[in-house]
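# Coordinates in review
One-letter residues, chain by chain:
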Amino acid sequence: MHLRKIFAVYRAERFSPNSIEKDAAVLRCVCDELTQRGYSVEAVSEGELGRMTVAGISDDVSCCISMGREKSTLFLLGKWAYNTGKAVVNASAGVALCCNRRKVTETLSRAGIPLPAEHGSHGYWAKRADGVAEGACDVQFAANLSELDAVIHGMRGRGVDDIIVSAHVPGDLVKFYGVRSTGFFHICYPGDDGQWKFDDERRNGRPHHYAFSMDGLRSAAERASAAVGVDVYGGDCIVRADGSFCIIDFNDWPSFSRCREDAAVAIADIVEMRMAERVMYFKTNLETSKLMVNT
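Notes on the structure in this doc start here.

Reading the values: rules and limits
- Here the residue index of a chain counts from 1 through its sequence in written order.
- Only residues with pLDDT of at least 70 get local features here, since the model is predicted, and only at 80 or more are side-chain atom pairs given and counted; chain-wide, interface and lining totals rely on the full set of residues.
- For the side-chain quantities, the full set of heavy atoms in the structure was used; hydrogens and water were omitted.
- For salt bridges, the criterion is a side-chain nitrogen of Lys or Arg within 4 Å of an Asp or Glu carboxyl oxygen.
- The helix and strand labels rest on DSSP assignments: H or I over at least four residues marks a helix, E over at least two residues marks a strand, and numbering proceeds from the N terminus.
- Think of it in three bands: with a 1.4 Å probe and only protein chains considered, a residue is buried below 20% of the maximum accessible area for its type, exposed above 50%, and partly exposed in between.
- In a helix, the anticipated span is given by 1.5 Å times the number of residues less one.
- Whether two residues are in contact is decided by their heavy atoms, any of which lying within 4.5 Å being enough.
- Residues are said to line a cavity or pocket when one of their atoms sits within 4 Å of a point; the points come from a 1 Å grid over protein atoms alone, cavities being sets where a 1.4 Å probe fits but cannot get out and pockets being open sets with protein on both sides within 12 Å along at least five of seven lines.
- Grid points are joined across faces, edges and corners, and a volume is the space filled by probe spheres set on the points.
- In this classification, Asp, Glu, Lys and Arg are treated as charged, Ala, Val, Leu, Ile, Met, Phe, Trp, Tyr, Cys and Pro as nonpolar, and every other residue, Gly included, as polar.
- Should DSSP find at least two bridges between two strands, the strands are regarded as paired.
- A fitted line through C-alpha atoms serves as each axis, taken over the contacting stretch for helices, and the angle formed by two N-to-C directions is quoted from 0 to 180°.

## Re the pattern of salt bridges
Two side chains bearing opposite charge may form a pair once their charged atoms approach each other closely. Under the definition given, this model contains 18 salt bridges. For Asp 252, the salt bridge identified is with Arg 11, shortest N-O distance 3.5 Å. Pair noted here: Asp 252 is in strand 11 (residues 245-252) and Arg 11 is in the loop between strand 1 (5-10) and helix 1 (20-36), with a separation of 241 residues, a long-range link. Exposure class is identical for Asp 252 and Arg 11. Each is buried. When the shortest N-O distance is used, the salt bridge between Lys 175 and Asp 236 registers 2.8 Å. Of this pair, Lys 175 sits in strand 8 (residues 172-179) while Asp 236 sits in strand 10 (residues 232-239); the two residues are 61 residues apart in sequence, bridging distant segments of the chain.

Okay, here's the thing in structure tokens:
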């Protein structure tokens, strides 16, 4: 039976620094798209979900879509997916990985994704490694090793013990947005429209629009998505003057603010794909069980 009800979870505001309305807007857009396709969508906040149990998600829900990052959210939705065999987009395990910068960096490295070096001659970035950035103080630039020591000392003084360091990479800052396996992939240059999150993006200056392989970046982003385990993703990369690039950040479910409507269509597509896969999985298992009984 193909169920027509979808459960949606909005992201807690603390995980949307300077992007609260943008993050909420993309999920609303996805819910609207799914409603137009004939689904009944029930949307809740992470706070509301935190007061629920797995049993609180009705039996007729066929899929959960979630921008949530709270540990309680990931646990509850992961347990629901395990108990029911139904899909969650994005999957809890992938989101949990994205919420740990050290682990996601190690995962991308093993997958052969081009990343910035640890050392360089153009400065350094110190980033909170055990979570996502909830404010500007979680990602800081240091012009040299002496400044880096001071930055790390300051971060530790605020209770951030796990810090990852990478070399600053000169070049064009390019943001990318994708929905795995749908063909949707969008890039933009924040330096062109001035839409900054923490103003850190200004560090690379106005873009030169260096030539680079869009197919190469799309392929790397899709491989990163598969390695991390999230269908709806985004990130930042630096394109160097010679056309080479490295990915400096990879995230689960960004705001897609520059391409929201098109992204919503692609996200609805992946939701339907994941639901269809689960239906086929159950159908195949049922047919296999019947064959074994009759043999």
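## A word on helix 3 (residues 71-84)
For helix 3, which comprises 14 residues, the first-to-last C-alpha distance of 20 Å matches the rise-based estimate of 20 Å (1.5 Å per residue) to within 8%. Among the residues making up helix 3, those that are buried are Thr 73, Leu 74, Leu 76, Leu 77 and Trp 80. Close packing links the buried residues of helix 3 with strand 1, helix 2 (46-49), strand 3 (61-66), strand 4 (87-89) and helix 4 (92-98). Among the residues trailing helix 3, Gly 85 stands out with phi positive, at a value near 75°.

## Regarding the layout of surface pockets
Gaps between atoms show up when a probe of the same size as a water molecule is rolled over them. If you add up the space inside the second largest pocket, you get close to 390 Å³. As for the second largest pocket, its lining consists of 16 residues, of which Arg 69, Lys 71, Cys 99, Asp 130 and Gly 131 are closest to the centre. For the lining of the second largest pocket, the secondary-structure elements that each account for two or more residues are helix 3 and helix 4. Of the residues in the lining of the second largest pocket, the class split is 6 nonpolar, 2 polar and 8 charged.

## Concerning the sheet that holds strand 1
Spatially, 2-1-3-4 is the arrangement adopted by the 4 strands of the open sheet, whose pairing is parallel. Looking along the sheet, the strands with just one partner apiece sit at the ends: strand 2 (40-45) and strand 4. Neighbour-to-neighbour, the strand axes of the sheet open up by a mean angle of 20°, direction not taken into account. The pairing of strand 1 with strand 3 spans 5 bridges and is classified as parallel. Bridge pairing in strand 3 links Ile 6 to Cys 63. Packing against the sheet, helix 1 makes contact with strand 1, strand 2 and strand 3, and its axis sits at approximately 175° to strand 1. Contacts from helix 3 reach strand 1, strand 3 and strand 4, with the element oriented near 155° to strand 3.

## Things to note about the sheet that holds strand 6 (residues 139-142)
Taking strand neighbours across the sheet as the criterion, the 3 strands line up as 6-5-7 in an open arrangement whose pairing is antiparallel. The two strands at the open ends of the sheet, each matched to only one other strand, are strand 6 and strand 7 (163-167). Sheet twist, expressed as the average angle between the axes of neighbouring strands with direction ignored, equals 25°. Note that strand 5 (residues 124-128) and strand 7 share 5 bridges and pair antiparallel. Counted as the bridge partner of Ala 126 is Val 165 from strand 7. Sheet strands in contact with helix 5 (residues 101-110) are strand 5, strand 6 and strand 7, and its direction is about 45° off that of strand 7. Against the sheet, helix 6 (residues 145-157) contacts strand 5, strand 6 and strand 7, and its axis sits at roughly 10° relative to strand 5.

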